[in-house]
Amino acid sequence: MASLKDFTGRTALVTGGASGIGLACVQLLAQRGARVVVADVNAEAAATAADACGGSALTFDVADRAAVASACSALEQQGVEVDLLVNCAGIVQSPEPPDRFEHAVFQRVVAIDFEGTYACCAEFGSAMARRGKGAIVNVASVAGMRSMPLHAYSPAKAAVISLTECLAAEWGRSGVRVNAVSPGYTVTAALQSQIDLGLRDAERLKANSALGQLIAPVDIARAIVFLLSEEARVITGINLPADAGWLVAGSWSTFGGVRPGSPAAQTRPAG
Ligand code: NAI
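Quick summary incoming for the structure in this document. (Residues numbered from 1 in each chain as written. Predicted model: local features only at pLDDT ≥ 70, side-chain atom pairs only at ≥ 80, totals over all residues. Heavy atoms only, no water.)

### Here we look at unusual backbone geometry
Then, in step 1: Phi is positive for alanine 244, which is not a glycine, with a value near 55 degrees.
Then, in step 2: Structurally, alanine 244 is set in the loop between β7 (239-242) and α9 (246-249). (Helix = DSSP H or I, 4+ residues; strand = E, 2+ residues; numbered from the N terminus.)

### Here's the deal with the pattern of salt bridges
Then, in step 1: Taken as a whole and judged by the stated rule, the model has nine salt bridges.
Then, in step 2: Note that glutamate 203 is salt-bridged to lysine 206, the shortest N-O span being 3.3 Å. Residue glutamate 203 and its partner lysine 206 are both found in helix α7 (residues 202-207); the two are separated by three residues, about one turn of the helix.
Then, in step 3: By relative accessible area, glutamate 203 is classed as exposed at 53%.
Then, in step 4: Connected through salt bridges with shared partners, the residues Arg10, Asp83 and Lys133 form a single ionic network. (Salt bridge = Lys/Arg side-chain N within 4 Å of Asp/Glu carboxyl O. Buried < 20%, exposed > 50% of the residue type's maximum accessible area, 1.4 Å probe, protein only.)

### Focus: the nonpolar core
Generally speaking, nonpolar side chains in soluble globular proteins are found buried as a group.
Then, in step 1: Counting 34 residues, the largest nonpolar core has Leu29, Val86, Val181, Ile224 and Leu228 as its most contacted members.
Then, in step 2: The element that contributes the greatest number of residues to this core is helix α8 (residues 217-228), accounting for seven residues.
Then, in step 3: Sequence-distant contacts of valine 86, defined by excluding residues within four places in its chain, comprise Leu13, Val14, Thr15, Cys25, Leu29, Val137, Val139, Ile224 and Leu228.
Then, in step 4: Judged by nonpolar contacts, the second largest core, of 29 residues, contains Leu58, Ile112, Met128 and Val176. (Core = buried A, V, L, I, M, F, W, Y, C linked by side-chain atoms within 4.5 Å. Contact = heavy atoms within 4.5 Å.)

### Considering the packing of aromatic side chains
Then, in step 1: Within this structure, the stated rule accounts for two aromatic pairs.
Then, in step 2: An angle of 75 degrees between the planes, with centres 6.2 Å apart, marks the rings of phenylalanine 101 and phenylalanine 106 as edge-to-face.
Then, in step 3: Ring centres of tyrosine 185 and tryptophan 246 lie 5.8 Å apart, and the angle between their planes is 70 degrees; this geometry places the pair in the edge-to-face category. Of this pair, tyrosine 185 sits in the loop between β6 (176-183) and α6 (189-196) while tryptophan 246 sits in helix α9, and the two are 61 residues apart along the sequence. Note on accessibility: tyrosine 185 and tryptophan 246 belong to one class, buried. (Phe/Tyr/Trp six-rings, centres within 6.5 Å; stacked < 30°, edge-to-face > 60°.)

### Some thoughts on α6
Then, in step 1: By the burial criterion, the buried members of α6 are Leu191, Gln194 and Ile195. Down the axis of α6, the buried side of the element spans an arc of 100 degrees, and every buried residue falls inside it. Residues of α6 that are exposed and point over 90 degrees away from its buried face: Ala189 and Asp196.
Then, in step 2: On its buried side, α6 packs onto α7. (Arc of directions from axis to C-beta.)

### Here we look at the pairing of strand β3 (residues 56-59)
Then, in step 1: Note: strand β2 (residues 35-40) against β3, four bridges, orientation parallel. Opposite aspartate 40, over in β3, you have threonine 59 as the bridge partner. (Pairing = 2+ DSSP bridges.)

### What to know about the environment of leucine 163
Then, in step 1: When you line up the elements, leucine 163 lands in helix α5 (residues 153-171).
Then, in step 2: Beyond its immediate stretch of four places on either side in the chain, leucine 163 contacts Phe114, Thr117 and Tyr118.

### So, the pairing of strand β4 (residues 84-87)
Then, in step 1: The side-chain alternation of β4 yields two buried faces, one formed by Leu84 and Val86 and the other by Leu85 and Asn87.
Then, in step 2: Pairing between strand β1 (residues 11-15) and β4: four bridges, direction parallel. By the bridge assignment, threonine 15 is partnered in β4 with asparagine 87.
Then, in step 3: Here β4 runs beside strand β5 (residues 134-139); their pairing, made up of four bridges, is parallel. From the neighbouring strand, leucine 84 faces β5, where its bridge partner is alanine 135.
Then, in step 4: Of the crossover connections in this fold, the one passing from β4 over helix α4 (residues 103-131) to the parallel β5 is right-handed. (Right-handed = clockwise from strand over helix to strand, strands pointing away.)

### A short note on the environment of alanine 57
Then, in step 1: Its place among the elements puts alanine 57 in strand β3.
Then, in step 2: With 28 residues separating them in the primary sequence, alanine 57 and leucine 29 have C-alpha atoms 15 Å apart.
Then, in step 3: Discounting chain neighbours no more than four positions away, the residues touching alanine 57 are Val38, Ala46, Ala47 and Ala50.

### Structural notes on the side chain of aspartate 40
Then, in step 1: With respect to the secondary-structure elements, aspartate 40 resides in strand β2.
Then, in step 2: Buried charge without a partner: aspartate 40 forms no salt bridge, and the closest opposite charge is arginine 108, 10 Å away.
Then, in step 3: A polar contact is formed between the side chain of aspartate 40 and the backbone nitrogen of asparagine 42, at a distance of 2.9 Å.
Then, in step 4: Apart from residues lying up to four places away in sequence, aspartate 40 is in contact with Gly16, Gly17, Ala18, Ala46, Leu58, Thr59 and Phe60. (Lys, Arg positive; Asp, Glu negative; His and termini not counted. Polar contact = N/O pair within 3.5 Å; in protein donor to acceptor, adjacent residues only side chain to side chain.)

### Observations regarding the site of the ligand
Then, in step 1: Around the ligand, 27 residues are found, and the nearest of them are Ser19, Asp40, Asp61, Tyr153 and Thr188.
Then, in step 2: A distance of 2.7 Å is found between an oxygen atom of the ligand and a side-chain nitrogen or oxygen belonging to serine 19.
Then, in step 3: Between the ligand and cysteine 88 there is a distance of 3.1 Å, counted from an oxygen atom to a backbone nitrogen or oxygen.
Then, in step 4: In isolation the ligand offers 840 Å² of accessible surface; the protein chains occlude 90% of this area.
Then, in step 5: Sorting the residues of the shell around the ligand by element identifies α1 (20-31) and α5 as the ones contributing at least two each.
Then, in step 6: In terms of residue class, the shell around the ligand is made up of 15 nonpolar, nine polar and three charged. (Near = heavy atom within 4 Å. Areas by Shrake-Rupley, 256 points an atom, 1.4 Å probe, with all protein chains shown as cover. Nonpolar A, V, L, I, M, F, W, Y, C, P; charged D, E, K, R; others polar.)

Structure, rendered in structure tokens:
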């Protein structure tokens, strides 16, 4: 019997697949046998990522609904049937108060992080539903589950979680599962640039997580790929936090933070 983790014969499209969490998904899906389409606004990086895993690259801006629709129909005309979709394309914002937050930036964050996710679901997910099979994972964020000074990003990610529930019910009878993964603080170019600008404090982020660590992109990719796989065939409409316990530990800062672990845990090698 084929492994439930195997993706041989399946075609996966990963938006934002040229960098960070999306790139880790591309690599893991290719390792597990999927044919991968790396979709990104950065054509050069998408081509490099696709070449490295024997996949193909597709350049489009997820915020451009017409471009998403043409990418979807171009693939169908080539006979490529996308049956796995990871909506990972996204941008972050600086923590500005509303009186200093440029409306154009607000609109761009919502256009990419929420509307772009919807556009890709609407185009590729509808095609999956017509064919009667598929799985989608939308990348949300712990920022969509808690209050933060990110007045476009957090609501956009909360909307992604809600959209995931709506579409899971919409397409369940058509054989399409739709789930979300909410990463915690993951060391990618996007987070590193915020740390370098002094907008996020790496030590504080670690201190506020139960496991006391930042996250590697491959660990988020593992959660995403699990939800895409047959191992998760009865799971739909959920939002799975992959956050090193940031959601449960943050409120402990009121009490001075989580307790230090046992000496044995502190001397154990990472892994
Ligand atoms: P990243 O910046 O390393 O990668 C994002 C990719 O998306 C880039 O290749 C970029 O070119 C592409 N992209 C950006 N705008 C696009 C557009 N309009 N159309 C098509 N492609 C576009 O970012 P990272 O950190 O890997 O983030 C990936 C996703 O994970 C995002 O949705 C982000 O909000 C989410 N996330 C990341 C966290 C982190 O700590 N890194 C935490 C929680 C969520």
